[in-house]
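Structural characterization, general
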Amino acid sequence: MGNWRWLDSWFRGRFMLILVSGKMEIDTSIAALITEGIQQNSSTMYGTSTLADEVRELGPAAYQAFPTHHFFARVYRPSAVSIRAMGYAVNVELTRAQVWAALLNRQPTFLCNPEWTVVPWEHYPRICLDDLLDVAVLLPSIYSRADHILLPETSTNRKPVARELLDDCVNIQMQFDIWHDMVRQKTRSPYWIGEGSTYIPFNEPLSFDSPSLCLAFVYYWTVLIGFHQCIYALLQIINKPEDGIQSPGMATNLPPALDPRNYQPAETRKLAALACRSLDFALQTTLQPDLLIAPTWIIKEFFGRMNAIGLCELESLWVNEFNERLEVRTREMRAWLEDKRWARIG
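So, a few notes on the structure that sits alongside this text. This one's a predicted model, so the numbers in the text were calculated from it and none came from an experiment. (Residues numbered from 1 in each chain as written. Predicted model: local features only at pLDDT ≥ 70, side-chain atom pairs only at ≥ 80, totals over all residues. Heavy atoms only, no water.)

**Things to note about the overall build of the protein**
Along the backbone of the protein there are 14 helices and 2 strands. Look at the contacts in the protein between residues 6 or more apart in sequence, and 71% of them connect residues 24 or more apart. (Helix = DSSP H or I, 4+ residues; strand = E, 2+ residues; numbered from the N terminus. Contact = heavy atoms within 4.5 Å.)

Here you go:
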C-alpha cells in the first residue's frame, strides 16, 4: 500500500489505471500516462528533491510488482539510463521528460549498482531492451573519467590513464557485442529493408520484428554514437605526439581487441544512419513516442557537428523534419490520453 500512496500523491490524484486483460497495451498505456505525468509535474512535485532521489529512496524491491515495475522498467529506467549513456550536455526538454537524463549528465548513476539490474525483474520476464540498458548504465562513469582526462589542464600522465580507460571501454564494447549476438540468435532477422520510397539521404528504411525490438536497436545505435566518440577522443590523446615527438610504441600500445578503424567519424556516421533508417518504423508503431525524443536529439546533435565542418547537410535536414513529425505524434498521444476516461482499480 505504501507504493500506492506514493504514486497517488505523486500524480496529485491524476494517476489512474485501466485494465486491459492479457494484452501488452496495459504496459505501454500506463507507461505513457506516467510519462505524461512526469513531464507536467516533475518541476513542482518534489520541491528540492529530484525524481532520482525518490526512486532511489524506495529501493529496487519497490519495483517488483505492477504498476511500479512497469513505470521503472518501461519509463524511468530507459529515460534515466539512456541520457547518461549518450554522453552529451543535458537539454532542458530532455531533463523535463526524464527520458535520457542519466547518460547526458555524464555522471555515474545508482542504477549501475547490481541490485538495480536484478531485483526489479524477479517476478517479470526481461526483454532485450532491459539487457541493453544493463550495459548502457556502465557508460556514465566512463564518460566522467574521460572528461577528466580530456581537460586541457590535465596534461601530465594522460596517456597511461587514457590507455587504462580504453581497457574498460573494450570490456564494455564486448558486452554490447554479446547483446547484439544474442538478439540475433533469438531473432534470426531482427530487422530487414522495409518497403517504401527512396529514403534520401539514407538507404531504404528498416522494418523490425516488433516495436520493442525496434526501440532497442534505436537505443543501441544511438548509445554507440556517444560511446564510440568517447573512444575516438581517447585514441586521439594516446596517439598525440608530446612536444612534437611521437612517443615510441604509443601508436601501437592499444588493447589487442580494439580496432581503431571502428571508431572513426565515418563509422560513427554509419551508426547514426542506421538509427535514422529505423526511426520511421519506431514512430509508426510506438505508444510512447516520448522515448524517441532523446535519440533524435542525439542524432541531430551529431549531424549538426558534422554539418559544421561541411558534412551531413542532407542528414541534418532529414532529422529536423523527423523531429517535427515526432513532436506532432507526441502531442497526438498526449491528447489521446487526456481524452480517455480512466478508472482506478484496486
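Next comes the rest of the write-up.
**Some thoughts on a nonpolar patch on the surface**
The grouping of Ile200, Leu314 and Leu317 at the surface amounts to a nonpolar patch, some 320 Å² of accessible area in total. Locating Leu317 in the fold gives a position in helix α14 (residues 313-339). (Patch = residues over 30% accessible without salt bridge, like charges linked within 9 Å, V, L, I, M, F, W, Y side chains within 5 Å. Areas by Shrake-Rupley, 256 points an atom, 1.4 Å probe, with all protein chains shown as cover. Salt bridge = Lys/Arg side-chain N within 4 Å of Asp/Glu carboxyl O.)

**So, the packing of aromatic side chains**
Within the structure shown, the criterion is met by 23 aromatic pairs. For the ring pair Trp179 and Tyr220, a centre distance of 5.0 Å and an interplane angle of 35° mean the geometry is tilted. In this pair, Trp179 is assigned in helix α10 (residues 158-186) and Tyr220 in helix α11 (residues 211-239), connecting sequence segments 41 residues apart. Residue class for Trp179 comes out buried when judged on its relative accessible area of 5%. Through a chain of ring-to-ring contacts, the aromatic side chains of Phe176, Trp179, Tyr191, Phe208, Phe217, Tyr220, Trp221, Phe227 and Phe281 assemble into a single cluster. For the cation-ring pair, Arg126 lies above Trp121, with the distance from its terminal atom to the ring centre recorded as 4.8 Å. (Phe/Tyr/Trp six-rings, centres within 6.5 Å; stacked < 30°, edge-to-face > 60°. Buried < 20%, exposed > 50% of the residue type's maximum accessible area, 1.4 Å probe, protein only. Lys NZ or Arg CZ within 6 Å of the ring centre and 35° of its normal.)

**Re the nonpolar core**
By size, the foremost hydrophobic cluster in this structure holds 65 residues, and its most contacted members are Phe176, Phe227, Leu234, Ile299 and Phe303. Secondary structure elements with two or more residues in this core: α8 (128-136), α9 (139-150), α10, β2 (206-208), α11, α12 (265-285), α13 (293-308) and α14. Ignoring sequence-local partners within four residues, the contact set of Ile299 consists of Thr222, Ile225, Ala272, Ala275, Cys276, Leu279 and Val319. The next biggest cluster of nonpolar side chains, apart from the first, holds 14 residues, and it includes Val55, Ala62, Phe72 and Trp121. (Core = buried A, V, L, I, M, F, W, Y, C linked by side-chain atoms within 4.5 Å.)

**A closer look at the side chain of Thr296**
Here Thr296 lies in helix α13. Discounting residues that sit within four places of it in the chain, Thr296 has contacts with Leu279, Val319, Phe322, Asn323 and Leu326.

**Brief notes about the packing of α8 against α11**
Where α8 contacts α11, the axes come no closer than 9 Å and their chain directions differ by 15°. By the angle between their axes, α8 is roughly parallel relative to α11. Considering only the axes of α8 and α11, their crossing is left-handed. Touching Cys128, Leu129, Leu132, Leu133 and Ala136 of α8 are Leu213, Leu215, Ala216, Tyr219, Tyr220 and Val223, all from α11. A class-by-class count of the residues in the contact of α8 with α11 yields 11 nonpolar, no polar and no charged. (Axes fitted to C-alpha atoms, helices over the stretch in contact; angles between N-to-C directions. Parallel < 35°, antiparallel > 145°, perpendicular 65-115°, else oblique. Left-handed = near helix turned anticlockwise from the far one by under 90°. Nonpolar A, V, L, I, M, F, W, Y, C, P; charged D, E, K, R; others polar.)

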